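Summary of the model geometry
The primary structure of each chain is shown beneath.
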Number of protein chains: 2
Amino acid sequence: MASIVTCIAPVNIAVIKYWGKRDEKLILPLNDSLSATLSTEQMHAKTTVMISPNFTKDRIWLNGKEESFENPRLVACLREIRKRATSKNGKNCELKVHICSENNFPTAAGLASSAAGYACLVYTLGKAFGVEGDLTSIARQGSGSACRSLMGGFVRWMKGTQNDGSDSIAEQVFHENHWADMRVLILVVSDSRKKVSSTSGMQLSVKTSDLLKHRVQNVVPQRTKEMIQALESKCFHTFAELTMRDSSSFHAVCLDTYPPAVYMNDVSHSIVDFVHRYNKLKGSNKVAYTFDAGPNACLFLLEEDVPEVVGLIKAVFPPHVEGKTFMRGLPVENAVIQQDMDLLLPSGPHEAGMIKYVIHTKVGSGPKTLDGKNCHLLNDEGLPKNLIS
Amino acid sequence: MASIVTCIAPVNIAVIKYWGKRDEKLILPLNDSLSATLSTEQMHAKTTVMISPNFTKDRIWLNGKEESFENPRLVACLREIRKRATSKNGKNCELKVHICSENNFPTAAGLASSAAGYACLVYTLGKAFGVEGDLTSIARQGSGSACRSLMGGFVRWMKGTQNDGSDSIAEQVFHENHWADMRVLILVVSDSRKKVSSTSGMQLSVKTSDLLKHRVQNVVPQRTKEMIQALESKCFHTFAELTMRDSSSFHAVCLDTYPPAVYMNDVSHSIVDFVHRYNKLKGSNKVAYTFDAGPNACLFLLEEDVPEVVGLIKAVFPPHVEGKTFMRGLPVENAVIQQDMDLLLPSGPHEAGMIKYVIHTKVGSGPKTLDGKNCHLLNDEGLPKNLIS
């Protein structure tokens, strides 16, 4: 008889960045990393897994399109899940699966979609095959940072020391309720430049960057300790400084790569500049930026500062057409802007449309299983309900 | 009786970058640096120094405008010259000077104008006061990299180890005729962003960048050795790789600074991308880029490759209005462009005007004294011939 299960999994944003593998196949990192899991209310990946004796082969549909099952990372995840299921109960494991997955946010936005996607895949496969115990070491083999999306709150991915990767797992460091007023703004930036994929950028950095070695050996270990202390004591000023420094350190390593891997653009740097000016005006860090392998900014800030910061973002980076679509996600109260614009941006507002839209979200919990027949992405025959041909 | 002397001094472009001081006052660097002196035919600073018993105070005019003599760096240079002159001949040294200086290239272009300016100032003062011996340790106190503009060819500025800076001097490593077919293209880039001055960016990097320490201690010493070998053997491929890597390493340190000091912009990065694509197409490095504390690119290449590279630059970065003003300096032969544009730039030519103009020049000799009354910037009364009021 066929079984079906559907789950959602969150996006995560690293505040201590993962950049560089010590093992390409097992996806073992050169350094620990630490991330905030974002609420699935605003952004999530959703996956349906169906297992049936009627299926003749494993199939997968991503965002409505069937994809090849030859992707070695996908194969590795499914193989590991089946291995675990077999050793547990010996049943069902050789039955074929149909997998259907989609994101509720644009993949093109470059918002760590592969992390949420692989976390969701592995979590849902785990449920479907009745696998228990740590799944992070499996998700890691799909996309390194996916292992950090299997838990809520603040999550640390340990690099581990074993060659087989058995101790390179992710663990929750702080529950999502630990720092309840932490908020996140994702600034989606216009960009036309062709970017280097993070997988190949990372490989090239390991091979060519002198500064990467220093970052991995000397900078990250100390910074990770300090970051955990800042989170523990909920000291936003320190959390912000460490977050911004680690983002810059990561992009510095990318630039030190030969040829350079450049992910931030002029708009990204204007956002950096804006944040530093705002913090200076406030006398302490009220906002922190971090950038992944793309030009979009992720800002951390406390709930009380959201209205003013959003108001200023709209003033300094005016939207193309002001409207509901510019601000998305959690509601934002209107604020009277009293800041002196000259101090925030000496040359006046930027041209319109440099920031396409903003997603307002917060730190949230890990993956969950959805209930009810309507939630599934596959129909009774195991085919996508929404097929893009 | 009054004496007057007028000299010109070159711009230099570092291929191993100077970034970070161990002594702010004496301007002692944290690492050795190495530069190419550019021909004074295309770009130079020009300075007239007049000494007269009739002058009542030291005065200076820069680019036609009188400036305060309170600038401590200017004061330091003049004091050191007078000290040296006194110990030599005891005469003339207390007479007041009038100094008039100008660049034959736009200061706004951000082309290391202070290096050429201070080199010319110190060289001309040296001539006027009859000072002999090393002037680089004096020029260094005006603007660090100025010491490298006192000689032609390839010049190394040694960081030195003495606290008084006496061994932090510049020396010619290779004569300008050593690699006679080396050519230089300076790509002047449009930019509207406010930049961090190199003095304050440097200070901030020393204070905050973890990666700077590693660069200074572990990266630069080895790279400098390799650079000298590449110059010695005239291996352009290696020279180019080292030059590009050092430029990126320096900008990586700037980005790792807190707050980040960002000098390259999207146009700069598009030039980097263009150079790597071109080199890949050619099978070895034919062009090297380097960027100082600004968005302009300086490209090194061999004479035989100039026509094709210039042709491609015009195609990939089309000028606003094609004309004589886009290409300046040494003449360039027309080339038939046979390269496949798709390989150089997957998305077609950039929008027009991203590069404002290009200066074509070569490696040249050090400062020289000019002859004839017409060359002076000051008239018989010691006032500027061209005064901007």
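Residues numbered from 1 in each chain as written. Chains lettered and ligands numbered in written order. Predicted model: local features only at pLDDT ≥ 70, side-chain atom pairs only at ≥ 80, totals over all residues. Heavy atoms only, no water.

To keep it simple, the criterion reads: UniProt positions are given in the numbering used here, feature names are shortened, and annotations may be inferred rather than shown by experiment.
Looking at an unreviewed UniProt entry, one finds chain A named Diphosphomevalonate decarboxylase, with Apolygus lucorum as its source organism. UniProt's Sequence similarities (unreviewed entry) comment on chain A is quoted here verbatim: "Belongs to the diphosphomevalonate decarboxylase family." Recorded in UniProt for chain A, the comment headed Catalytic activity (unreviewed entry) runs: "(R)-5-diphosphomevalonate + ATP = isopentenyl diphosphate + ADP + phosphate + CO2".

**Re the interface of chain B and chain A**
Where we set the bar: Note on contacts: a residue pair qualifies if any of its non-hydrogen atoms lie within 4.5 Å across the two residues. Accessible area that two parts lose when put together, with a 1.4 Å probe and added across both, is what the buried area reports. Salt bridges are identified by distance alone: a Lys or Arg side-chain nitrogen within 4 Å of an Asp or Glu carboxyl oxygen. Definition of a polar contact: a pair of N or O atoms within 3.5 Å, with one able to donate and the other able to accept a hydrogen when the atoms are protein atoms, and with sequence-neighbouring residues admitted only if both atoms are side-chain atoms. Helix and strand assignments come from DSSP, with helices taken as H or I runs of at least 4 residues and strands as E runs of at least 2, each series counted from the N terminus. In this classification, Asp, Glu, Lys and Arg are treated as charged, Ala, Val, Leu, Ile, Met, Phe, Trp, Tyr, Cys and Pro as nonpolar, and every other residue, Gly included, as polar.
Residue-level contacts link 29 residues of chain B with 29 residues of chain A. Where chain B abuts chain A, roughly 2700 Å² becomes buried across the two surfaces, and 64% of that area is made up of carbon and sulfur atoms. A per-residue breakdown of the area chain B buries against chain A is headed by L211, L255 and Y258 of chain B, which together make up 24% of the total. Taken together, chain B and chain A are joined by two salt bridges. Between D210 of chain A and R223 of chain B there is a salt bridge, with the nearest N and O atoms lying 3.4 Å from each other. At the boundary of chain B and chain A, one finds eight residue pairs in polar contact (both at pLDDT 80 or more). Broken down by secondary-structure element, the contributors of at least two residues to the side of chain B that touches chain A are α5 (210-232), α6 (236-256) and α7 (266-282) of chain B. It is α6 of chain B that contributes the most residues to the side of chain B that touches chain A, nine residues altogether. Its residues assigned to classes, the side of chain B that touches chain A comprises eleven nonpolar, ten polar and eight charged.

**So, the side chain of Q42 of chain B**
Position of Q42 of chain B among the secondary structure elements: in the loop between β5 (33-37) and β6 (45-52). Those residues in contact with Q42 of chain B that sit more than four places away from it in its chain are N104, G329, L330, I359, H360, T361 and K362 of chain B.

**Quick look at the pairing of β6 of chain B**
Residue and element names in this part refer to chain B. Definition in use: Here's how the labels work: a residue is buried when its accessible area is under 20% of the maximum for its type, exposed when over 50%, partly exposed in between, all with a 1.4 Å probe on protein chains only. A pair of strands is labelled paired if DSSP reports no fewer than 2 bridges between them.
In terms of burial, β6 is a largely internal element, eight of the eight residues being buried. Side chains A45, T47, V49 and I51 project from β6 onto one buried face, and the interleaved K46, T48, M50 and S52 project onto a second face that is buried too. Here eight bridges tie β6 to strand β9 (residues 96-103), and the two strands are oriented antiparallel to one another. The partner of I51 across the bridge, within β9, is V97.

**What to know about the packing of helix α5 (residues 210-232) of chain A against helix α6 (residues 236-256) of chain A**
Residues and elements named next belong to chain A. Heads up, the condition is: For helices, the fitted line uses only the C-alpha atoms of the stretch in contact; every axis is such a line through C-alpha atoms, and the angle between N-to-C directions lies from 0 to 180 degrees. An angle counts as roughly parallel when it lies under 35 degrees, as roughly antiparallel when it exceeds 145, as roughly perpendicular when it falls between 65 and 115, and as oblique in every other case. In a left-handed crossing the near helix is turned counterclockwise from the far helix by less than a right angle, and in a right-handed crossing that turn is clockwise.
Interhelical geometry of α5 versus α6 gives an angle of 165° and a closest axis separation of 10 Å. In terms of their interaxial angle, α5 and α6 are classed as roughly antiparallel. When you trace α5 past α6, the crossing you get is left-handed. Every residue of α6 that contacts α5 at D210, L211, L212, R215, V220, R223, E226, M227, A230 and L231 is listed here: T238, F239, L242, T243, R245, D246, S249, F250, V253 and D256. A class-by-class count of the residues in the contact of α5 with α6 yields ten nonpolar, three polar and seven charged.

**Considering the sheet that holds strand β1 (residues 3-9) of chain A**
One open sheet holds the six strands; their spatial order is β8-β7-β9-β6-β1-β17 (chain A), and the pairing between them is mixed. Two strands close off the open sheet at either side, each with one partner strand: β8 (65-67) and β17 (368-369) of chain A.

**Overview of the nonpolar core**
What counts is decided by this rule: Only buried residues count toward a nonpolar core. Its members are Ala, Val, Leu, Ile, Met, Phe, Trp, Tyr and Cys residues joined through side-chain atoms within 4.5 Å. Marked domain ranges trace back to an automatic or database domain assignment.
The biggest cluster of nonpolar side chains holds 113 residues, and the ones touching the most others in it are F239, I271, L299 and F300 of chain B. When residues of this core are assigned to their parent elements, the largest contribution, ten residues, is made by helix α2 (residues 113-129) of chain B. Mapped onto the domain boundaries, this core takes at least three residues apiece from domain 1 (3-178 + 368-375) and domain 2 (182-362) of chain B. The next biggest cluster of nonpolar side chains, apart from the first, holds 96 residues, and it includes A45, F105, V122 and C298 of chain A.

**Notes on the domain arrangement of chain A**
All names here are of chain A. One can read the domain layout of chain A as domain 1 (3-176 + 370-375) and domain 2 (182-362). Distance between the C-alpha centres of domain 1 and domain 2: 26 Å. If you look at the interface, domain 1 gives 29 residues, while domain 2 gives 44 residues. Buried area between domain 1 and domain 2, both sides added, is near 2900 Å², and the carbon and sulfur share of it is 73%.

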